[in-house]
Amino acid sequence: MMRKKRRSCVETVVEGANTTTTTNSTTKAKKSRTTGRPPKESVSDDTNQSVFTKFLREAGVTVKRGATSNEIAVDQVVFQKRIEQQLRKNPNYPGIIQEFITGLESHIEDPENFRNCLLPCVPQLSDGDGSSVSSFQESLLRMLLGIEILQTSTINTLLEKLPEFMLDGAGDAGISVPRIIINQLKWLDRVVDSKELAAKLMELVSVAPVDVQRDIITSLPEILEDSQHNDIARELNSLLQTNTQLTVPILDALSSLNLSSSLLTEVRGAVMTTLAAVQLEDLPVVVKFILHSVSVLDAYEVVNNLRKKLELEQCVLPPALQLSQSRTRSDGAAAAASTAGSSVALILDGIKSAVRFQKTISEAWLKAIDSVDESENHKVIDLLVLFILHSTNANQSRRGAERVLKSKVRTGLIQEALLQKTFRDHSQVMRGYFPSILAVAQCLLRSPDPCVVPFGGHMYQLSFIEFDSYCQQEVVGSLVTHVCSGVGGEVDMALELLCGLVTEKPSEMALYAVFVKGILDYMDNLTPQQIRRLFHLLSRLAFGQQQQGAHIQDDMHIVIRKQLSSMVPKYKRIGIIGAVMIVGSMGAFQPKVKEVKDQPLPQETFRQVTALLELVRSSSDSSPEAAALYYDELANLILSSTLDPQVQENIAKSVLDDFQDDFVVDLGKEITGSFPFPARLMYNLDEEESQEGIAINLLPLLAKDIQNNREQLSQTKRANKRVSPLCLSPFFRLLRLCEEKQHHGDLEEIDALLGCPLVITGLDVVEKINSLSKAEREFLCNLLFFTINWFREVINAFCRLKETEMKMKVMTRLQNITYLQTLLERALAGTSGYVPPVANFDGETSDAATFASTAPVNKAKKDGTGKKKRKAPSKSSSENSSLLEEPTEANETQQAIVLVLKEQPEKEKEKEKEKEKEKETWQGVSLVSYRQFFRELDMEVLSVLQCGLLSRSLLDSELQTKVQEEVLLGPAELVFLLEDMLRKVEFSLTSAPVKRAPFFKTRTDKSVGFSHLQQRSAKDIAACCVELLPALCSHLENCHNHFQTLLSENNGVVDGPATDVQEQQLMSSCYQLLLQVLNTTFSWSGFSLPGQRGLLKKALGVLAERLKGRSELTLEQLVKHSFEYLLNFGSTMPSLSTALCLSQLLSTVSEKGGNPAAYREQTASLAKRFLSQDWVTASGEKERGNKFNEALHTLLRIYLDNVDDVLKAVEEIAGERIPELLNAPKNESSPTWPTLNRQTFLVFYKVMMAELEKAVRKIPASKISDNAEAQSEKLLTWNLAVRDFHVLVNLVKVFDSRPVLNVCLKYGRLFLESFLKLGMPLLDYSFKRHKEDVQSLLKTFQLSTRQLHHMCGYSKIHQDTSLTNHVPALKKSLELFVYRVKATLTLNNCQEAFWIGNLKNRNLKGEEILSQRSQGSDEEEGEEERSLLPQEKSEDEGQESDSEEPKMINGEGNVAEEDITDDSE
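Residues numbered from 1 in each chain as written. Predicted model: local features only at pLDDT ≥ 70, side-chain atom pairs only at ≥ 80, totals over all residues. Heavy atoms only, no water.

Caption draft 1: Layout of the overall build of the protein. Scanning the protein from terminus to terminus reveals 68 helices and nine strands. Expressed as a percentage of its 1465 residues, the buried residues of the protein come to 53%. Pairs at least 24 residues apart make up 76% of the contacts formed inside the protein by residues separated by at least 6 positions. A total accessible area of about 67100 Å² is found for the protein, and carbon and sulfur atoms account for 50% of it. (Helix = DSSP H or I, 4+ residues; strand = E, 2+ residues; numbered from the N terminus. Buried < 20%, exposed > 50% of the residue type's maximum accessible area, 1.4 Å probe, protein only. Contact = heavy atoms within 4.5 Å. Areas by Shrake-Rupley, 256 points an atom, 1.4 Å probe, with all protein chains shown as cover.)

Laid out in structure tokens, this is it:
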């Protein structure tokens, strides 16, 4: 019953198939089956079956029934041959074939018989010759398929039989009959009718179940011949569009088919369109097919499209949904997550295999990722592929992956959010690439580019959080290695990461505390700030709230005690820093948890904290430097952390008592003792309370300290506690911070210290400095340093007070500082060999030793009084200390302290002899080199800038009445604050590349004086600067108004008779400093980060508000209005250096928008206006000197960088302005451009040559496919460039100084190389179309190369090594030029126009240089001329192409006369 039911089902299927395919064989098969059922068997059927059985038996195969396999007695080849012979020799041939097939059909009606025919035959072993049969034989049907005359009929029989078993699953033995039937068709030696077979198979695919469809499709490449592959691929392609269930088998089949490239492209395109609809589990196969089907030509296009369509983000659920699913269906969610993860892993494996074995694929991936220009367009797949490329390193892809990643991170296109998403969603996949992740993180952290370092740190952090314990151990080990490397930026980032991990994952980090503790052995390489972080990190591990790392507590105590007991200051300093950090962790305030009250510090812990503090205090008593460091470190701890109230109160009480006892005296008390100078109370701001007030006992303490130092030097025993003025400022800072913490910012308890006087001496003694002894001079200088540092700390303490009286006192203290600095300059000028007292105590080495080695005072004094005299304008030393030029001056003299004397003309010396002596006495040194000996000002002090500007004109107009009503800054005080602010923002916001410290240099020069600033992030500093921007803009406008008024009063002249030179110089310094501060602030690289975009808009909004008022604007509009606002200041620039600062600021602001090119024209126009302006000083002299030349150089570069056409601009200067200069009198300048004179010619020449060479490098390379218009345009550009080059090279004949020659030789070679690389291919393609233009260009260039040759000869004759260094490379380029022109002529069939001769050696004027060789035999010359050695050719630039013209040929005699001679080297 079951069998009949199946047969009826099959018949309907086959009949349906027959409606589309009506071949004879199918119809016959159908009839034989319908009439050949067992109940109705006829005699003919028996005959047919007997024929079938008989032929098989005679050929060597015994057909068995039931479960017994068919037996074969001969080899299958013999069997096939016998059957074919029997059929062909039969009288009924070819009718016998049908009888044979009918017998086969009858035999396989029985399922068991059919199964036997499908399974391999068994060798017949009963006969003696059975051993000759192979142990493995094919199935009976397979052997019949190998007989060509039976193949078609047998295939039809099998395919008609297949539908009967379509709906049957695998049998009891796990055998799938449809799959076995299809396997019979595979790998046939020859398919008689492949096209028919393909059609029948596709018909079966259209009606078969999915499992059978998959079997048929995957077998197609093994069944069909190559001729059918393209046709079947098209059918499979159309099937792929309609049935996504068959995606995998179809792609498997397509991968194995031999397809034409066009069809493969078509199929791949169709597959790409269905990518979004493909099931996740099928995606790996799709990706593999796409990548393995690409060619070299379309690799980039295919990979780029695949990258766009591959959305791995959709393969995982969002974190919120993952969490909810894990709560509701934990098993199902876990299974789905694992499936998604495995699918992503398989996709990446497919990509990995593709990039490993195909170079074009790896290059295409890199190019596709590199071409993304929007951060939103970057995907998770980008990072994953970069890690794949790094891990495989196929075709050297590791370096390319690192390069692309660095570039993307640097430009902000790949951001930390994408990295975090990749780690979070694909942590299992990322774990497989952990070695590459670790290597890339190490590479980024070691990069000299500060923009990419944080990204590497983020990779470390996420690896620790997301991966297993092995990876965590590797991450910690790698970070420890970074810390021990000793490279500044690398160490800082590694320590910051370790501190972050301790905060986020304290229990995990505690497991690796021993690793971190190992850094203690490498502290010699760490700066104080890094040591601070290290101990903060270790103390958090060892003494934190949970104390997971308690096992290293004993080690920490041992290290600290050992360092504190050391007599070496460096190690004692480490001990103090470490001890204070441990106090911070042990005595930290523990806030209440939920409803539990705040828990007081355990008594035992409190005892340990106080004991440790006492240990540090007692260890540092004998050394004022150590004590001062201890006070500073404790102050930093109180400022940056919250201590337990008991600890805080204990420290505050002892500090207040000790400060009063050590440094404060009552005013009524008489000052007794012998001092070098008479003691006097100075700088008292509280005169009405003078009888009951207090004073700072500075002079007696200093005298006593010097006496103690002498006694200590004479005694070997250890000194007891010393009260040194060195500790005054640090101790007061500690006191102030304790009071702020205790009273929540209120300093009323100690506000008397703001106005109290100091016990020092009368400062008129500075005028008599030359009459004092060396000890008295040094004592006086010490006194001034301590006084200034006291006032600096006082300002730090009280600058934030809001009361007008307190503000006035702070302003007065600022004035005291600026005045005392002028006195200090004079005192230092008369005290040679003096080393000031240390003010910053956390330096790597003693500041005094460093200063003594870098500041040779004696040499500086000699320079000042000897030959190197510098003319200085008459001004007070207040401006000397504050003018901006002094940092550059200090750098020029290698931070030497230079004594500058007033120089007067000879005829005035006698008249002003008395004044001259007085001025010599009052001249001072620059304090730039002494900055490390001043206490650091806090960022909060800059809030004083929010006060208005007090100028002399304001005082005159308002009769000094406004000073009493409003606190105003004087110009000198404004300069003082702006200089400090500029140093701070340059230190914090300027991203300098990380460099290893030179072997002989000290390491802490840059960071000395910024220890407090280092503890704040660059973001905080930038935010502070933005807060101060309104005040800075107000001061900028005041400076603008001042100079505008000055110009209007003096009819446009800055050096009018009523000009106050001192005030103008101060205001000019203010102007320049303000622009520099703004430029440094806006140049901060952090503004480019997405998180800081709001801060940038706020900063630009401040500038835009000054022009347009408050309104909501886009970033581009803000940039536009800010640019317009700053542009208004261009009319009142007092000096060229200030003008340069404005130009740089405009360039910086324009780059913050999306279209910097829109502002280039205005920037260039302003720069040109500055270059066309006559710059004079306040005293009426023209600006000149090295600083002026440096500013001019940069300004000219800005002009040429922003001008529309660099070549035309260079032509204007070289062709018009320089001839004006040549026609002007000797000491005059160009009337159109006053900045161009004979002293500044070198600056103009160098910039023009450099910019010309840079401009020709930007000319697009020529291609043979360029149209005529493009070629003409490029040829015109090169013509102009060569003409400019010719003019510049010929200027050497007039300006023949060595620096000019040096510039010409250097950039001449670079220009020639660019011409060979970019210009000569253009001439190759343009020669026939623009012959005359090409000849003209080469003729002009010939004149330039000839002049370069003359310069080479001149350099050799004068044996100037600075010039001859350029000669070999230039000669090589000249020789290449000769061969390259010959190649161009040969390419255009004009080689007969090329001839060669030897150039004579000539000097710059064109006169022949007679060398030893040229004075020798003429025969030798002739031989050399004929031999045409390559080195002789290298000197010939002229005749090769120009001789093609008739006039050049006519002028051949002149050429020969000038050029054909020997070339002596």
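Further notes follow.
Caption draft 2: Spotlight on the sheet that holds strand β2 (residues 71-72). With respect to topology, three strands assemble into an open sheet ordered β1-β2-β3, the strand pairing being mixed. The open sheet is flanked by β1 (61-62) and β3 (122-123), the only strands paired with a single partner. Two elements, β2 and β3, share two bridges in a ladder whose sense is parallel. By the bridge assignment, Ile 72 is partnered in β3 with Pro 123. (Pairing = 2+ DSSP bridges.)

Caption draft 3: How the structure looks around the confidence of the model for the protein. In this model, the protein carries an average pLDDT of 78, and 79% of its residues clear a pLDDT of 70 or more. Low pLDDT, under 50, characterises residues 952-964; the stretch is placed with ten contacts to residues that sit more than four places away or in other chains. Overall, residues 1412-1465 carries pLDDT values under 50, and its contacts beyond four positions in sequence, including any with other chains, amount to 112 contacts. (pLDDT = per-residue confidence, 0-100.)

Caption draft 4: Region of interest: the nonpolar core. In terms of nonpolar packing, the biggest core is built from 425 residues, with Phe 79, Ile 351, Trp 365, Tyr 1199 and Trp 1278 touching the most fellow members. In contact with Trp 1278, other than residues within four places in its own chain, are Val 1256, Ile 1259, Phe 1311, Ser 1314, Phe 1315, Leu 1318, Gly 1319, Leu 1322 and Leu 1337. (Core = buried A, V, L, I, M, F, W, Y, C linked by side-chain atoms within 4.5 Å.)

Caption draft 5: Structural detail: the side chain of Lys 1152. Considering the arrangement of structural elements, one finds Lys 1152 in the loop between α54 (1136-1150) and α55 (1160-1171). Within the buried core, Lys 1152 has no salt-bridge partner, and the shortest N-O distance to an opposite charge, that of Glu 1151, equals 6.1 Å. A distance of 2.9 Å separates the side chain of Lys 1152 from the backbone oxygen of Phe 1082, its partner in a polar contact. Among residues more than four places away in sequence, those in contact with Lys 1152 are Phe 1082, Trp 1084, Phe 1087, Leu 1096, Leu 1100, Leu 1115 and Val 1119. (Lys, Arg positive; Asp, Glu negative; His and termini not counted. Salt bridge = Lys/Arg side-chain N within 4 Å of Asp/Glu carboxyl O. Polar contact = N/O pair within 3.5 Å; in protein donor to acceptor, adjacent residues only side chain to side chain.)

Caption draft 6: View of the packing of helix α31 (residues 553-564) against helix α33 (residues 603-620). Where α31 contacts α33, the two axes come as close as 10 Å, and the packing angle between them is 20°. Here α31 is positioned roughly parallel relative to α33, judged by the angle of their axes. On α33, the residues that touch Ile 560, Arg 561 and Leu 564 of α31 are Leu 612, Leu 615, Val 616 and Ser 619. (Axes fitted to C-alpha atoms, helices over the stretch in contact; angles between N-to-C directions. Parallel < 35°, antiparallel > 145°, perpendicular 65-115°, else oblique.)

Caption draft 7: Layout of the pattern of salt bridges. On inspection of all chains with the given rule, the structure shows 46 salt bridges. As a salt-bridge pair, Asp 657 and Lys 653 come within 3.6 Å of each other at their nearest N and O atoms. One end of the pair is Asp 657 and the other is Lys 653, both in helix α35 (residues 645-663) and four residues apart, which spans about a single turn. Look at the salt bridges and you will find they share partners, linking Arg 733, Arg 736, Glu 740, Arg 800 and Asp 938 into a network.

Caption draft 8: Up close: the packing of helix α15 (residues 283-292) against helix α16 (residues 299-309). Relative orientation of the contacting elements α15 and α16 amounts to 160°, with a least axis distance of 10 Å. Compared by their axis directions, α15 and α16 come out roughly antiparallel. Seen along the crossing, α15 lies across α16 with a hand that is left-handed. Of the residues in α16, those touching α15 at Val 287, Ile 290 and Leu 291 are Val 302, Val 303 and Leu 306. (Left-handed = near helix turned anticlockwise from the far one by under 90°.)

Caption draft 9: Representation of a negative patch on the surface within the structure. Together, Asp 746, Glu 748, Glu 749 and Glu 803 make up a region of like negative charge exposed at the surface. When its relative accessible area of 47% is taken as the criterion, Glu 803 is described as partly exposed. (Patch = residues over 30% accessible without salt bridge, like charges linked within 9 Å, V, L, I, M, F, W, Y side chains within 5 Å. Charge placed at Lys NZ, Arg CZ, Asp CG, Glu CD.)

Caption draft 10: Quick peek at unusual backbone geometry. Cis geometry is found at the peptide bond from Tyr 93 to Pro 94, where omega equals 10°. In this structure, Pro 94 sits in the loop between α4 (76-89) and α5 (95-107). In the Ramachandran plot, Trp 187 falls in the positive-phi region, its phi being about 55° despite a non-glycine side chain. Residue placement: Trp 187 occurs in the loop between α9 (177-184) and α10 (194-207). The class of Trp 187 is exposed, set by a relative accessible area of 60%. One non-glycine residue, His 744, adopts positive backbone phi at about 55°.

Caption draft 11: Structural view of the side chain of Glu 490. Mapped onto the fold, Glu 490 is located in helix α27 (residues 488-504). A distance of 3.4 Å separates the side chain of Glu 490 from the side chain of Arg 446, its partner in a polar contact. Setting aside anything within four residues of it in sequence, one finds Glu 490 in contact with Leu 445, Arg 446, His 482 and Ser 485.

Caption draft 12: Highlighting the environment of Leu 656. With respect to the helices and strands, Leu 656 occurs in helix α35. Excluding residues within four positions of it along the chain, Leu 656 makes contact with Leu 735 and Glu 739.

Caption draft 13: Here's a closer look at the environment of Val 191. As for its position among the elements, Val 191 is in the loop between α9 and α10. According to the relative accessible area criterion, Val 191 is buried, its value standing at 5%. Through-space distance from the C-alpha of Val 191 to that of Thr 152 is 8.6 Å; in sequence the pair is 39 residues apart. For Val 191, the contacting residues outside a window of four places in its chain are Gln 151, Leu 197, Ile 223 and Glu 225.

Caption draft 14: Examining α16 more closely. Burial in α16 covers these residues: Ala 299, Val 302, Val 303, Asn 304, Leu 306 and Arg 307. On its buried face, α16 is in contact with α14 (261-273), α15, α19 (359-370) and α20 (380-392).

Caption draft 15: How the structure looks around the packing of aromatic side chains. One pass over the structure, following the stated rule, counts 40 aromatic pairs. Relative to Phe 663, the ring of Phe 659 has its centre 5.4 Å away and its plane inclined at 45°; by these criteria the two rings are tilted. Of this pair, Phe 659 and Phe 663 both sit in helix α35, four residues apart, roughly one helical turn. The class for Phe 659 is buried, based on a relative accessible area of 2%. By the ring-pair criterion, three or more aromatic residues cluster together here, those being Tyr 630, Tyr 631, Phe 659, Phe 663, Phe 731, Phe 732, Trp 790 and Phe 798. The ring of Phe 114 is capped by Lys 161, whose NZ or CZ atom sits 5.5 Å from the centre of that ring. Against the face of Tyr 300 rests Lys 367, its NZ or CZ located 4.7 Å from the ring centre. (Phe/Tyr/Trp six-rings, centres within 6.5 Å; stacked < 30°, edge-to-face > 60°. Lys NZ or Arg CZ within 6 Å of the ring centre and 35° of its normal.)

Caption draft 16: Region of the structure containing the environment of Met 808. On the secondary structure map, Met 808 appears in helix α40 (residues 804-829). A residue is classified by how much of its surface remains accessible, and Met 808, at 27% relative accessible area, is partly exposed.

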